[in-house]
Amino acid sequence: MDSKNYHEDLSHIRSMMERSSRFISLSGLSGVVAGLAAIIGAIYVYFVFQREGISYFDGNRNIFNPALVRELVWIGIIILVVAVLSGYVFTANKSKKKGLKIWDATTKRLLVTFAVPLVAGGLFCLALLYHHLFVFVAPATLIFYGLALVSAERYTLTDVKYLGYLEIILGLVSLFILGWGLVFWAIGFGVLHIVYGLIMHKKYK
């Protein structure tokens, strides 16, 4: 009996330490929604290119006019907003069910750690757009997003870093296959998010 109580106490202490040092309420379903939003956005962008008379997969170098670039940026912003809002809603619900606070010192550290490479990557992509180096935007977003995930792993679920590694690898590969950024972007932010989200939902539900 004492041995059983001892192990139960250890498990309780371990659980308390994990809760105090890591944000463990990330929802896998938010990843699925974010992935679906990214895929829908990528499909919409493809049809935008068709509307503009751009055959994306013909291998030719395409020139984007300023109006088209602004539209693409807005599409990206909308996808980001949908992903962030879905992440917050699902994560808040999961935190409520677990009786955990969604906003505490750990959450702040997580957001700061995640934001540093993400903000740096955003500014880097703005510089690419400014210099009309559009072909490098998709690889850059994948790489910096992957770095942000790997960096934030210390304050949340360990599994996040594996998604980060895959995003980085995908971004690096896309640098050597320029012109297919939309496809790599859809795989990285769409397919990988959906697969990761389903795995996390099943593992931590």
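Structural data are supplied above this passage.
Just so you know, these numbers come straight off a predicted model, no measurement behind them.

Points about the nonpolar core
- Grouped together as the largest cluster of nonpolar side chains are 30 residues, with contacts concentrated most on Phe 49, Phe 64, Leu 68, Leu 182, Trp 185 and Phe 189.
- Every element with two or more residues in this core is listed here: helix H2 (28–51), helix H3 (66–98), helix H5 (137–152), helix H6 (160–175) and helix H7 (181–204).
- Contacts of Phe 49, omitting those with residues within four sequence positions, involve Ile 54, Tyr 56, Phe 64, Leu 68, Leu 72 and Leu 182.

A few points about the packing of helix H4 (residues 105–130) against H5
- Two elements in contact, H4 and H5, have axes separated by 8 Å at closest approach and are oriented at 170°. One finds that H4 runs roughly antiparallel with respect to H5. Here Leu 110, Thr 113, Phe 114, Pro 117, Leu 118, Ala 120, Gly 121, Phe 124, Cys 125, Leu 128 and Leu 129 of H4 lie close against H5, whose contacting residues are Val 137, Ala 140, Thr 141, Phe 144, Tyr 145, Leu 147, Ala 148, Leu 149, Ser 151 and Ala 152.
- Partitioning the contact of H4 with H5 into residue classes produces 17 nonpolar, four polar and no charged.

Notes on H6
- Across its 16 residues, H6 extends 23 Å between first and last C-alpha, which sits within 8% of the 22 Å expected from 1.5 Å per residue.
- Among the residues making up H6, those that are buried are Val 160, Leu 163, Gly 164, Glu 167, Ile 168, Leu 170, Gly 171 and Ser 174. Each buried residue of H6 lies within a common arc of 165° when the element is viewed along its axis, so the set occupies one face.

Re the pattern of salt bridges
- Applying the stated rule across the entire model yields two salt bridges.
- The closest approach of N and O atoms between Arg 51 and Glu 52, which form a salt bridge, is 2.9 Å.
- Taking the relative accessible area as the measure of exposure, Arg 51 reaches 48% and is therefore partly exposed.
- According to the relative accessible area criterion, Glu 52 is partly exposed, its value standing at 35%.
- The shortest N-O distance in the salt bridge between Glu 71 and Arg 51 comes to 2.7 Å. You can see Glu 71 sitting in helix H3 and its partner Arg 51 sitting in helix H2, a full 20 residues away along the chain.
- Take Glu 71: its relative accessible area is 22%, and that puts it in the partly exposed class.
- Taken together, the shared-partner salt bridges connect Arg 51, Glu 52 and Glu 71 into one network.

Points about the environment of Thr 113
- Secondary-structure assignment places Thr 113 in helix H4.
- A relative accessible area of 13% means that Thr 113 is categorised as buried.
- Counting along the chain gives 42 residues from Thr 113 to Tyr 155, while the straight-line C-alpha distance between them is 8.6 Å.
- Reaching out from Thr 113, the side chain makes a polar contact with the backbone oxygen of Arg 109 at a distance of 2.7 Å.

Some points on unusual backbone geometry
- Even without glycine at this site, His 132 takes up a positive phi of about 60°.
- By the secondary structure assignment, His 132 is in the loop between H4 and H5.
- Overall, His 132 belongs to the exposed group, its relative accessible area being 55%.

Criteria and thresholds
Residues numbered from 1 in each chain as written. Predicted model: local features only at pLDDT ≥ 70, side-chain atom pairs only at ≥ 80, totals over all residues. Heavy atoms only, no water. Core = buried A, V, L, I, M, F, W, Y, C linked by side-chain atoms within 4.5 Å. Buried < 20%, exposed > 50% of the residue type's maximum accessible area, 1.4 Å probe, protein only. Helix = DSSP H or I, 4+ residues; strand = E, 2+ residues; numbered from the N terminus. Contact = heavy atoms within 4.5 Å. Axes fitted to C-alpha atoms, helices over the stretch in contact; angles between N-to-C directions. Parallel < 35°, antiparallel > 145°, perpendicular 65-115°, else oblique. Nonpolar A, V, L, I, M, F, W, Y, C, P; charged D, E, K, R; others polar. Expected span 1.5 Å × (residues − 1). Arc of directions from axis to C-beta. Salt bridge = Lys/Arg side-chain N within 4 Å of Asp/Glu carboxyl O. Polar contact = N/O pair within 3.5 Å; in protein donor to acceptor, adjacent residues only side chain to side chain.

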